[in-house]
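Coordinate inspection notes
Spelled out from the first residue to the last, the chains are:
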Amino acid sequence: MQLEPTRWPTWQAFKADQQDLLLPAGTAAHIPVTVRYIDVGEADRGTVLLMHGIPTWGYLYHAVIPPLVAAGYRVIAPDFLGHGWSDRRDRFDRSFQDQARMIVALLATLGLGRVDVVGHDTGGAVALILAIEHAALVNRLVITNSVCYDRFDDDMLDFGHPLRWKPRPIADLVAALEESLAAGLSNPGQLTPEFRAGMIAPWASEEGKLSLLRNASALNANQTMALVDRHGTITAPTLVLWGMDDPWQKAEDGRQLASEIPGARFWAVEGASHWIQQDAPERFAKAVLAFLAE
């Protein structure tokens, strides 16, 4: 399937293109869970797995997917458990390890044995787990503006206090998310009404609000610090791609990460911030494609 840049003029169109997959009990969680994901393109040059973070979903990559498909890649972009439109019931954990188990189960169900992995924000932490603990699944690795070490955004950690947030109205959560979206973009014009609406849509209900609180409560520096002395075991060729204006995941963390992964390269994207896929989609796609082509 070849995608035009206007394939998804709205977030609703992107959501409509997502597929559903039921993962059996015991694979990703102790109960069966449903994963929503985008699966487009032909794998002439391989398959690329795109993983988002918090508080986003697969739509974060909507402007990046078409050039990857046009270059000959199949693209898989799932919503993590509890995120976007995947299962959001209040009945399972959302830790980085649990999300990694979900990804392993998803790839197995799709019959995919080895993929190129791109991880952003908390998705970057999941990507590191995959590269360390499931190395056979990872062909090439791209880590971008990722949660790593013990640097976690205070706003997201604050959402993880249910006694503080559960009684508050949805409007308060939406206002906080809007501030976060604006703070993570260097180019204000990229905070389009459609991007804003798409990023907020999954959380703008009582079910969505609670799911976001549960996702935030799963943020834990122990999970990332447990990886630090294993960064050196990663064997996949690695690109650390960083929007340099990020107010949360600092560039020095990205540079340190690149220094600890054997052979990794650090690629700075100036004039771009945390939501780099929206802030500089052309440069993001160009960097990923150049790396994958090597």
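Residues numbered from 1 in each chain as written. Predicted model: local features only at pLDDT ≥ 70, side-chain atom pairs only at ≥ 80, totals over all residues. Heavy atoms only, no water.

1. Section: helix α13 (residues 281–293)
A rise of 1.5 Å per residue sets the reference length of α13, with its 13 residues, at 18 Å; its end C-alpha atoms lie 18 Å apart and thus fit the reference within 8%. Where α13 is concerned, the buried positions are Pro281, Phe284, Ala285, Ala287, Val288, Leu289, Phe291 and Leu292. (Helix = DSSP H or I, 4+ residues; strand = E, 2+ residues; numbered from the N terminus. Expected span 1.5 Å × (residues − 1). Buried < 20%, exposed > 50% of the residue type's maximum accessible area, 1.4 Å probe, protein only.)

2. Brief notes about the sheet that holds strand β4 (residues 74–78)
Pairing within the open sheet is mixed, and its eight strands lie in the order β1-β2-β4-β3-β5-β6-β7-β8. The sheet is open, and its two edges are formed by β1 (19–23) and β8 (265–269), each paired on a single side. Averaged over all adjacent pairs, the angle separating strand axes in this sheet is 25°, with direction ignored. The sheet contact formed by strand β2 (residues 33–40) and β4 spans four bridges and is antiparallel. In the strand pairing of β4, Asp39 is matched with Ile76. Each of β1, β2, β3 (47–51), β4 and β5 (115–121) touches helix α3 (residues 96–109); the most contacted strand, β1, lies at about 110° to it. (Pairing = 2+ DSSP bridges. Axes fitted to C-alpha atoms, helices over the stretch in contact; angles between N-to-C directions. Contact = heavy atoms within 4.5 Å.)

3. Some thoughts on empty space enclosed by the protein
Over the atoms rolls a probe the size of a water molecule, and in doing so it shows where empty space is left. Enumeration according to the criterion identifies three cavities of 30 Å³ or more in this entry. In this structure, the largest cavity occupies an estimated 90 Å³ of space. Lining the largest cavity are 14 residues; nearest its centre among them are Ile54, Asp121, Asp153, Met156 and Gln249. Here the residues of the lining of the largest cavity are counted per class, giving eight nonpolar, four polar and two charged. Here the second largest cavity is characterised by a volume of approximately 70 Å³. Around the second largest cavity, the lining residues are Ile54, Phe80, His83, Arg94, Phe96, Gln99, Thr122, Val126, Asn215, Ala218 and Leu219. Of all the secondary-structure elements, those providing two or more residues to the lining of the second largest cavity are α3 and α4 (122–133). For the lining of the second largest cavity, the per-class residue count stands at six nonpolar, four polar and one charged. (1 Å grid on protein atoms, 1.4 Å probe; cavity = no way out; pocket = protein on both sides within 12 Å on 5 of 7 lines; lining within 4 Å. Points joined across faces, edges and corners; volume = space filled by probe spheres on them. Nonpolar A, V, L, I, M, F, W, Y, C, P; charged D, E, K, R; others polar.)

4. Topic: the pairing of strand β7 (residues 238–243)
Among the six residues in β7, six count as buried, and that is most of the element. By the bridge criterion, four bridges tie strand β6 (residues 138–146) to β7 in an arrangement that is parallel. By the bridge assignment, Leu141 is partnered in β7 with Thr238. Bridge count for β7 against β8 is five bridges, and the pairing is parallel. Its bridge partner being in β8, Val240 is matched across the sheet by Phe266.

5. What about the nonpolar core?
Counting residues in hydrophobic clusters, the biggest one holds 105 residues, and the most contacted among them are Leu50, Met51, Ile65, Met102, Ile103, Leu141 and Phe159. In terms of residues, this core owes the most to one element, α4, which gives eight residues. If we skip the residues at most four places from it in the chain, Ile103 touches Leu49, Met51, Pro78, Phe80, Val126 and Leu130. (Core = buried A, V, L, I, M, F, W, Y, C linked by side-chain atoms within 4.5 Å.)

6. A short note on helix α8 (residues 193–200)
All of the buried residues in α8 are Phe195, Gly198, Met199 and Ile200. Against the buried residues of α8 lie α1 (11–17), α7 (170–183) and α12 (276–279).

7. With respect to the confidence of the model for the chain
In low-pLDDT segments, the atomic positions of the prediction should not be examined closely. On average, the chain scores 95 in pLDDT, and the residues at 70 or more come to 98%. Looking over the chain, one finds the lowest element-wise mean pLDDT in helix α5 (residues 154–159), namely 82, and the highest in β3, namely 99. (pLDDT = per-residue confidence, 0-100.)

8. Remarks on the packing of aromatic side chains
What the rule picks out here adds up to 10 aromatic pairs. Between the aromatic rings of Trp8 and Phe14, the centroid separation amounts to 4.9 Å while the plane-to-plane angle is 65°, which identifies the pairing as edge-to-face. The same class applies to Trp8 as to Phe14, namely buried. Among the aromatic residues, those joined into a ring-pair cluster are Trp8, Trp11, Phe14, Trp57, Tyr59 and Trp85. We note Lys15 situated over the ring of Trp85; from NZ or CZ to the ring centre the distance is 3.8 Å. (Phe/Tyr/Trp six-rings, centres within 6.5 Å; stacked < 30°, edge-to-face > 60°. Lys NZ or Arg CZ within 6 Å of the ring centre and 35° of its normal.)

9. Things to note about the side chain of Asp246
For Asp246, the position within the fold is in the loop between β7 and α11 (251–260). No salt bridge is formed by the buried Asp246, whose closest oppositely charged neighbour, Lys250, lies at an N-O distance of 6.7 Å. At a separation of 2.8 Å, a polar atom in the side chain of Asp246 contacts the side chain of Asn145. Within the structure, the side chain of Asp246 is placed 2.6 Å from the side chain of His274, a separation counted as a polar contact. (Lys, Arg positive; Asp, Glu negative; His and termini not counted. Salt bridge = Lys/Arg side-chain N within 4 Å of Asp/Glu carboxyl O. Polar contact = N/O pair within 3.5 Å; in protein donor to acceptor, adjacent residues only side chain to side chain.)

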